[in-house]
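What follows is the residue order along each chain.
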Amino acid sequence: MIDKIDLLEFLNINNDSLNTKWLEMILSFAHENNICIEQFKKISLNDEKVYEYLKNNNLSAIDPFEIFSKYPLQSVCQYPNSFEELKNLFAIYRPAVLESGIVDEYFENRNNPTNIPCQIEELKDVFEPILQNSYGVPIYHEQVIKILQNVLNISYETAKELRKKFAKRKISYFEFTEYFLGNGSYKDDYVGRFYALLEFYTPYTIDENFVISYTKQAYYLAYFRIYTNNNEMGSSHAILSIY
């Protein structure tokens, strides 16, 4: 029988991302079907039936997806086909991000994966591998930190603090240029564009580990509803706010 502590650890759930009602539903299914943690770990996060179910039921049939009732996806090509895309969807489907235009940019790039423009061509070698899984759009804290580390050649801790300043819009252009001057990498031709990019996107980014944990809980609720034909799974309306 699966242990609650083991499940929390496997899902990487902490107090910020825990929804007690959802967890109890998941545990209930596991106990009823005598699933141990090792069996649980073997459940694929890319089960085709789950993503087909989400398309056919417009996502909003299960609690974690209720945001899509208020902000429905516009076409079938916007529905996720993998866990990575489902995670991205939760990351960007927040009211402030929806109003920013970032969601439209994400879907445009996702639907044209071979023709994704680089935000700053001079930094293409840095941007492309870091933003590959989010189709060229910075949507996670970790992506911004990695970009800052690579471009400015600074430590993780320094990049983390710099990201926070951009998130709170508390760093001026002139203060930012000091990071370039400090490592001798100042470039007049793109530093202004780099600053503008960070200033725009960073406040809308979200912690990726938090979203992974949230998405896993949502995914397993969908998975268990499908494979148990249980229409009560995920219908508690105990919405976990990530907004």
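Computed from a prediction, not measured in an experiment: that's the story for all the values here.

Time to look at the pattern of salt bridges. A complete count under the given rule lists 9 salt bridges for this structure. Across the salt bridge formed by K87 and E84, the nearest N and O atoms sit 2.9 Å from each other. Here K87 and its partner E84 are both found in helix α6 (residues 83–92), 3 residues apart, which amounts to about one turn of the helix. Residue K165 is joined to E175 by a salt bridge in which the shortest nitrogen-to-oxygen separation is 3.0 Å. Here the residue K165 occupies a position in helix α11 (residues 156–167), and E175 occupies one in helix α12 (residues 173–183), the gap between them amounting to 10 residues. The network of salt bridges with common partners includes E84, K87 and E208.

To continue, consider the packing of aromatic side chains. By the definition in use, this model includes 27 aromatic pairs. Consider the rings of F200 and Y201, whose centres lie 4.8 Å apart with planes at 80°: the pair is edge-to-face. The class for F200 is partly exposed, based on a relative accessible area of 34%. Y201 gets classed as buried once you look at its relative accessible area, which sits at 8%. Connected via pairs of aromatic rings, a cluster forms that spans F10, F29, F40, Y51, F83, Y219, Y220, Y223, F224 and Y227.

Let's shift gears to the confidence of the model for the protein. Overall, the prediction assigns the protein a mean pLDDT of 85, with 87% of residues at 70 or greater. Element-level pLDDT for the protein is lowest in helix α1 (residues 4–11), with a mean of 80, against a maximum mean of 97 in α11.

This paragraph deals with helix α4 (residues 48–56). Listing the buried residues of α4 in full gives V50, Y51, Y53 and L54. Down the axis of α4, the smallest arc covering the buried residues is 155°, so these residues share one side. Structural note: α4 exposes E48, K49 and N56 on the side pointing more than 90 degrees away from its buried face. Where α4 is buried, its residues contact α6 and α14 (208–228).

With that out of the way, let us pick up the nonpolar core. Counting 83 residues, the largest nonpolar core has F40, F127, L148, F176 and F194 as its most contacted members. The biggest single contributor to this core is α14, with 11 residues. When sequence neighbours within four positions are dropped, the list of residues in contact with F176 reads L148, L152, L162, F166, I171, V191, F194, Y195 and L198.

The next point concerns the environment of P117. When you line up the elements, P117 lands in the loop between α8 (102–110) and α9 (124–131). Take P117: its relative accessible area is 55%, and that puts it in the exposed class. Once the C-alpha coordinates of P117 and G136 are considered, the two residues, 19 residues apart in sequence, prove to be 7.4 Å apart.

The computed volume of the largest pocket comes to approximately 220 Å³. Looking at side-chain class alone, the lining of the largest pocket contains 7 nonpolar, 3 polar and 1 charged residues. Roughly 150 Å³ of internal volume is contained in the second largest pocket. Surrounding the second largest pocket, E84, P129, I130, Q132, N133, Y140, E142, Q143, K146 and E208 form its lining.

A few words now on α11. Its 12 residues give α11 an end-to-end C-alpha distance of 16 Å, which sits within 8% of 16 Å, the value for a rise of 1.5 Å per residue. Among the residues of α11, those classed as buried are A159, L162, R163 and F166. Along the axis of α11, the buried residues cluster in a sector spanning 105°; they form a single face. Where α11 ends, the next residue or the one after it, R169, has phi of about 55°, a positive value.

Thresholds, definitions, all that
- Residues numbered from 1 in each chain as written.
- Predicted model: local features only at pLDDT ≥ 70, side-chain atom pairs only at ≥ 80, totals over all residues.
- Heavy atoms only, no water.
- Salt bridge = Lys/Arg side-chain N within 4 Å of Asp/Glu carboxyl O.
- Helix = DSSP H or I, 4+ residues; strand = E, 2+ residues; numbered from the N terminus.
- Phe/Tyr/Trp six-rings, centres within 6.5 Å; stacked < 30°, edge-to-face > 60°.
- Buried < 20%, exposed > 50% of the residue type's maximum accessible area, 1.4 Å probe, protein only.
- pLDDT = per-residue confidence, 0-100.
- Arc of directions from axis to C-beta.
- Contact = heavy atoms within 4.5 Å.
- Core = buried A, V, L, I, M, F, W, Y, C linked by side-chain atoms within 4.5 Å.
- 1 Å grid on protein atoms, 1.4 Å probe; cavity = no way out; pocket = protein on both sides within 12 Å on 5 of 7 lines; lining within 4 Å.
- Points joined across faces, edges and corners; volume = space filled by probe spheres on them.
- Nonpolar A, V, L, I, M, F, W, Y, C, P; charged D, E, K, R; others polar.
- Expected span 1.5 Å × (residues − 1).

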